[in-house]
Amino acid sequence: PMEHIQVVEALLFSAQGPLPFHKIHSILHKELGLEKKETLALIEKLKESYADRAFDIEEVAFGYQLKTRSKFFPYIHQLIKKKPQEKLSLAAQE
């Protein structure tokens, strides 16, 4: 069901870093009674649903994480780049 896919999406969105499959599955098994193959199928369905989106689910060494597609990096860079610090005059520093 769509709600199960949304649970996976909420977990990935809320995670502070890569979320291991065993953690995702543990939660889905405990709360929804899902088997491993069902958990994996939900992750794959969610991944497919992001085909035309700005982000995707990436499988990394430590689990799964949401990731912005690389073609959007120039825009993201503009958002997060640090502003050059203005140098204070000697009078302002004192």
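Because the structure is a prediction, the values reported are computed rather than measured.

Student: Hey, could you run me through the pairing of strand S1 (residues 55-60) in this one?
Tutor: Regular strands have side chains that alternate between both faces of the sheet. As paired elements, S1 and strand S2 (residues 63-68) share six bridges and run antiparallel to each other. Across the sheet, Phe55 pairs through a bridge with Thr68, a residue of S2. In this structure, the hairpin formed by S1 and S2 is closed by a connection of two residues.

Student: Please clarify how the pattern of salt bridges should be interpreted in this entry.
Tutor: Oppositely charged side chains may form a pair once their charged atoms are brought near each other. Under the defined criterion, the tally for this structure stands at three salt bridges. A salt bridge links Arg69 to Asp56; the nearest nitrogen and oxygen atoms lie 3.7 Å apart. On the criterion of sequence distance, the pair formed by Arg69 in the loop between S2 and helix H4 (73-80) and Asp56 in strand S1 is long-range, its members being 13 residues apart. By relative accessible area, which is 24% here, Arg69 ends up partly exposed.

Student: Would you mind going over helix H3 (residues 36-49) with me for this structure?
Tutor: Since the α-helix advances by 3.6 residues per turn, residues separated by three or four positions end up pointing in the same direction. Here H3 spans 20 Å end to end across 14 residues, near enough to the 20 Å set by a 1.5 Å rise per residue. Regarding H3, the residues found buried are Thr39, Leu42, Ile43 and Leu46. Relative to the axis of H3, the buried residues are bounded by an arc of 95° and lie together on one face. Away from the buried face of H3 by more than 90 degrees, exposed residues Lys37 and Glu48 are located. Taken together, the buried residues of H3 touch helix H1 (2-14), helix H2 (21-32), S1 and S2.

Student: Which parts of the structure should I look at to understand the packing of H1 against H2?
Tutor: When two helices pack together, their arrangement is captured by the angle between the axes and the distance separating the axes. Running from N to C, H1 and H2 point in directions that differ by 140°, and their axes come no closer than 11 Å. Taken together, the axis directions place H1 and H2 in an arrangement best described as oblique. The way H1 lies across H2 gives a crossing that is right-handed. Here His4, Val7, Val8, Leu11 and Leu12 of H1 come into contact with H2, specifically with Ile24, Ile27, Leu28 and Leu32. Residue composition of the contact of H1 with H2, by class: eight nonpolar, one polar and no charged.

Student: What should I look at first to understand the environment of Gln16 in this one?
Tutor: One can find Gln16 in the loop between H1 and H2. Gln16 sits in the exposed class, given a relative accessible area of 83%. As for Gln16 and Gln65, which are separated by 49 residues in sequence, their C-alpha atoms are 9.2 Å apart.

Here is what the cut-offs are and how they apply
- Residues numbered from 1 in each chain as written.
- Predicted model: local features only at pLDDT ≥ 70, side-chain atom pairs only at ≥ 80, totals over all residues.
- Heavy atoms only, no water.
- Pairing = 2+ DSSP bridges.
- Helix = DSSP H or I, 4+ residues; strand = E, 2+ residues; numbered from the N terminus.
- Salt bridge = Lys/Arg side-chain N within 4 Å of Asp/Glu carboxyl O.
- Buried < 20%, exposed > 50% of the residue type's maximum accessible area, 1.4 Å probe, protein only.
- Expected span 1.5 Å × (residues − 1).
- Arc of directions from axis to C-beta.
- Contact = heavy atoms within 4.5 Å.
- Axes fitted to C-alpha atoms, helices over the stretch in contact; angles between N-to-C directions.
- Parallel < 35°, antiparallel > 145°, perpendicular 65-115°, else oblique.
- Left-handed = near helix turned anticlockwise from the far one by under 90°.
- Nonpolar A, V, L, I, M, F, W, Y, C, P; charged D, E, K, R; others polar.

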